[in-house]
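A closer look at the structure
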Amino acid sequence: MTAPNTAAHQSDPANRARLRWRARRGLLENDIILTRFLDAHETELTDEEVDALTRLLDLSDNALMDLILARKEPDGDIDLPQVHALLARLRQA
C-alpha cells in the first residue's frame, strides 16, 4: 500500500488557486468556514481530501451549509468515506 499522492494538487499553484477560488461562496458563513479551513490546512491536503472538497464545492450554498452544520449527512454521489472524513474536519474548524 502506498502513501496518498499529494503532488497533483500541492505541486501545482494553479490547482491550489482554483480550489481557493471555488471555495469563495455566496453565503458568508460558508466563505468564512472554507477560507479558514484552507488557511489552516491547504498545504497538507491529500488528493483524496481535495477530491472530497471539490465534490462539496459542487453543491449549492444552502446544501453545503446544511452539511457543515450537521443538519444533514452526505447522500447519493457524495456519500463517500473521504467526504465524511473531510466534513468531520470542517465541522471542527
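Here the structure is shown first, and the text comes after it.
Residues numbered from 1 in each chain as written. Predicted model: local features only at pLDDT ≥ 70, side-chain atom pairs only at ≥ 80, totals over all residues. Heavy atoms only, no water.

Quick look at the overall build of the protein now. For the protein, the helix and strand inventory stands at six helices and zero strands. Overall, the protein shows an N-to-C arrangement of helices and strands of α-α-α-α-α-α. Here the protein, with 93 residues, has 33% of them falling under the buried criterion. Surface exposure of the protein reaches about 5700 Å², of which carbon and sulfur atoms provide 52%. (Helix = DSSP H or I, 4+ residues; strand = E, 2+ residues; numbered from the N terminus. Buried < 20%, exposed > 50% of the residue type's maximum accessible area, 1.4 Å probe, protein only. Areas by Shrake-Rupley, 256 points an atom, 1.4 Å probe, with all protein chains shown as cover.)

Bringing unusual backbone geometry into the picture now. Non-glycine residue Ala-70 carries a positive phi angle of around 60°. On the secondary structure map, Ala-70 appears in the loop between helix H5 (61-68) and helix H6 (81-92).

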